[in-house]
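# Structural characterization, general
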Amino acid sequence: MVTRAQGVWLETHDGRRLIDGNGSWWTNTLGHSHPRLVAALIDQARTLAHCALSSIAHENAALLAKELTETAPAGLTRVHFSDDGSTALEVAIKIAAQYWAQNGHPQRTRFLSLGGGFHGDTIGAMSVSGLEIFKGRYGALLFDCVTLRGDNDAVDERTMLALESALASNDVAAVVIEPLIQGAAGMRIWSTRFLSRIRELVSAAGTLLIADEVFTGLGRTGAMWACDLAGVAPDLLCTAKALGGGMLPFAATLATERIYDGFRGGGSRAERALMHGHTFCGNPLGARVAREVLAVYRDERVLERVAAHSIRIRDAFDALSRVKGVRAVRSLGMVGAADLGDRTDYESELGWEIYRAALRRGACLRPLGNTVYVAPPFLISDEELDRLLRILSDSISEVM
Ligand SMILES: *Cc1c(COP(=O)(O)O)cnc(C)c1O
């Protein structure tokens, strides 16, 4: 039981201290209770804790929209706020479908996604996910989505061929991807070359690219957005997790001006509008904290810290590749992962053995099957990061 958390440290009911090796499920990039985020939250709670964002507005939602679009890949000029990663995807899916339905291409109803992709736990987000373990048992509820598979679910040349042929049919509403790192699938890292290629193929086919940056966004890969590393701009971009500062559920779906224009006009107010208005959409507490998150990234040069840490993480995982029982290692930005045993197995106990060994040594390293990984807060110190990587390596050596 965690009773308190400060910086990268979780404190438990029995007085132990654990390094938060996965940043509390990928939400925490600036450390727990960062003083600036706490101060912003308290001040905002005293000033305006909630106000609807429908026919009325408030300053922090407006300014956050502006500040988000200024950091985003080129052309993403419009923002729809919501509450979590799954919802950010639902919104993107609904925008894509409605955009084509009311702009002269009603046949564009099909979604394509990548094998190994994870996009959330709600029905639409699950439908476009490519991980059977999470969606299999809800099959009857899901809409059809073509999953593009390479060899062993990797994003590779075969995936590109599958995409090319699927796009030829002219009925695709959008292609949904996790750019460069498929998080939930086991931190599968894929190349900027394929990301650029996907953008080209999707543009050539005249359809839309949805980049799910719920995990990869806000600096995880070393750039503000994973898409930036490939110089790619999607048509829709989803962000959540770290956007709420590891404190509050908060999400956004960014869109291009062209898509926004596709919802204007019509006879009545509602005729062409996007029918998606969450009760807590753009909540002032979340919006204020998210603005402070972006300000801290700027003031504390967070991306420079990521660049320095990423070298330490890469070196540590390269060294792990020589440990007995480690099948493969990889890293990018603030993420390092090692596959154990002789095949991928989400229900393997191996990862959980490492988890228990690491708990005894003072780190929380929740595995993804038999893949163990680190994705710590970016403002971890060099000493803390070395300690985390040492605990990981010692735990693997012990168990394997
Ligand atoms: C976590 C995650 C989601 C879902 O976000 P929730 O906030 O859990 O709904 C969607 N996409 C990706 C890539 C994620 O990592």
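This section reports on the structure supplied with the text. (Residues numbered from 1 in each chain as written. Predicted model: local features only at pLDDT ≥ 70, side-chain atom pairs only at ≥ 80, totals over all residues. Heavy atoms only, no water.)

### Thoughts on the overall build of the chain
A tally of regular secondary structure across the chain gives 14 helices and 16 strands. Buried residues in the chain amount to 54% of all 400 residues. Taking as baseline every contact in the chain between residues at least 6 positions apart, the subset at least 24 positions apart corresponds to 70%. Per element, the accessible surface of the chain, about 16,600 Å² overall, is 52% carbon and sulfur. Averaging the locations of the 42 positively and 46 negatively charged side chains of the chain gives two centres separated by 1 Å. (Helix = DSSP H or I, 4+ residues; strand = E, 2+ residues; numbered from the N terminus. Buried < 20%, exposed > 50% of the residue type's maximum accessible area, 1.4 Å probe, protein only. Contact = heavy atoms within 4.5 Å. Areas by Shrake-Rupley, 256 points an atom, 1.4 Å probe, with all protein chains shown as cover. Lys, Arg positive; Asp, Glu negative; His and termini not counted. Charge placed at Lys NZ, Arg CZ, Asp CG, Glu CD.)

### Brief notes about the site of the ligand
The full set of residues close to the ligand is Trp 26, Asp 84, Gly 85, Ser 86, Phe 118, His 119, Gly 120, Glu 178, Asp 212, Val 214, Phe 215 and Lys 241. One of the backbone nitrogen or oxygen atoms of Gly 85 is found 2.8 Å away from an oxygen atom of the ligand. Between the ligand and Lys 241 there is a distance of 2.7 Å, counted from an oxygen atom to a side-chain nitrogen or oxygen. Protein burial of the ligand: of its 380 Å² of free accessible surface, 84% is covered by the chains. In terms of residue class, the shell around the ligand is made up of four nonpolar, four polar and four charged. (Near = heavy atom within 4 Å. Polar contact = N/O pair within 3.5 Å; in protein donor to acceptor, adjacent residues only side chain to side chain. Nonpolar A, V, L, I, M, F, W, Y, C, P; charged D, E, K, R; others polar.)

### Notes on the pattern of salt bridges
Following the criterion strictly, the structure yields 23 salt bridges and no others. Residues Asp 14 and Arg 16 are paired through a salt bridge, measuring 3.5 Å at the closest nitrogen-oxygen approach. The partly exposed category is assigned to Arg 16, whose relative accessible area is 38%. As a salt-bridge pair, Arg 356 and Glu 349 come within 3.7 Å of each other at their nearest N and O atoms. (Salt bridge = Lys/Arg side-chain N within 4 Å of Asp/Glu carboxyl O.)

### A short note on helix H7 (residues 157-167)
Listing the buried residues of H7 in full gives Thr 159, Met 160, Leu 163, Ala 166 and Leu 167. Take H7 and look down its axis: the buried residues cluster within an arc of 130°, on one side only. Pointing more than 90 degrees away from the buried face of H7 are the exposed residues Leu 161 and Ser 165. Looking at the buried side of H7, the elements it contacts are strand S5 (110-114), strand S6 (145-148), strand S7 (172-177) and helix H8 (192-204). At the N-terminal boundary of H7, the capping side chain belongs to Asp 156, with an oxygen 3.0 Å from the backbone nitrogen of Arg 158. (Arc of directions from axis to C-beta.)

### Comments concerning the sheet that holds strand S14 (residues 335-340)
Pairing is antiparallel in the open sheet, where three strands are placed in the order S13-S14-S16. The sheet terminates laterally at strand S13 (326-332) and strand S16 (371-374), the two strands that pair on one side only. Across this sheet, the average inter-strand angle for adjacent strands is 15°, counted without regard to direction. Across four bridges, S14 lies against S16 in antiparallel orientation. If you follow Ala 338 over to S16, its bridge partner there is Val 372. In the packing of helix H14 (residues 382-399) onto the sheet, the strands contacted are S13, S14 and S16, and the crossing angle to S16 comes to about 165°. (Pairing = 2+ DSSP bridges. Axes fitted to C-alpha atoms, helices over the stretch in contact; angles between N-to-C directions.)

### Comments concerning the packing of helix H3 (residues 59-71) against helix H11 (residues 284-299)
The contact between H3 and H11 brings their axes to 9 Å, and the two run at 35°. Crossing geometry of H3 relative to H11 is assigned as left-handed. Here Asn 60, Ala 61, Leu 63, Leu 64, Glu 67 and Leu 68 of H3 come into contact with H11, specifically with Ala 287, Arg 288, Ala 290, Arg 291 and Leu 294. Across the contact of H3 with H11, the residue classes break down as seven nonpolar, one polar and three charged. (Left-handed = near helix turned anticlockwise from the far one by under 90°.)

### Here's the deal with the packing of helix H13 (residues 350-361) against H14
Closest axis-to-axis distance for the H13/H14 pair is 9 Å, and the angle between their directions is 125°. Classified by the interaxial angle, the pair formed by H13 and H14 is oblique. Remark: the crossing between H13 and H14 carries right-handed chirality. From H13, Leu 350, Glu 353, Ile 354, Ala 357, Ala 358, Arg 360 and Arg 361 reach across to H14, where they touch Ile 391, Asp 394, Ser 395, Ile 396, Glu 398 and Val 399. Across the contact of H13 with H14, the residue classes break down as seven nonpolar, one polar and five charged. (Parallel < 35°, antiparallel > 145°, perpendicular 65-115°, else oblique.)

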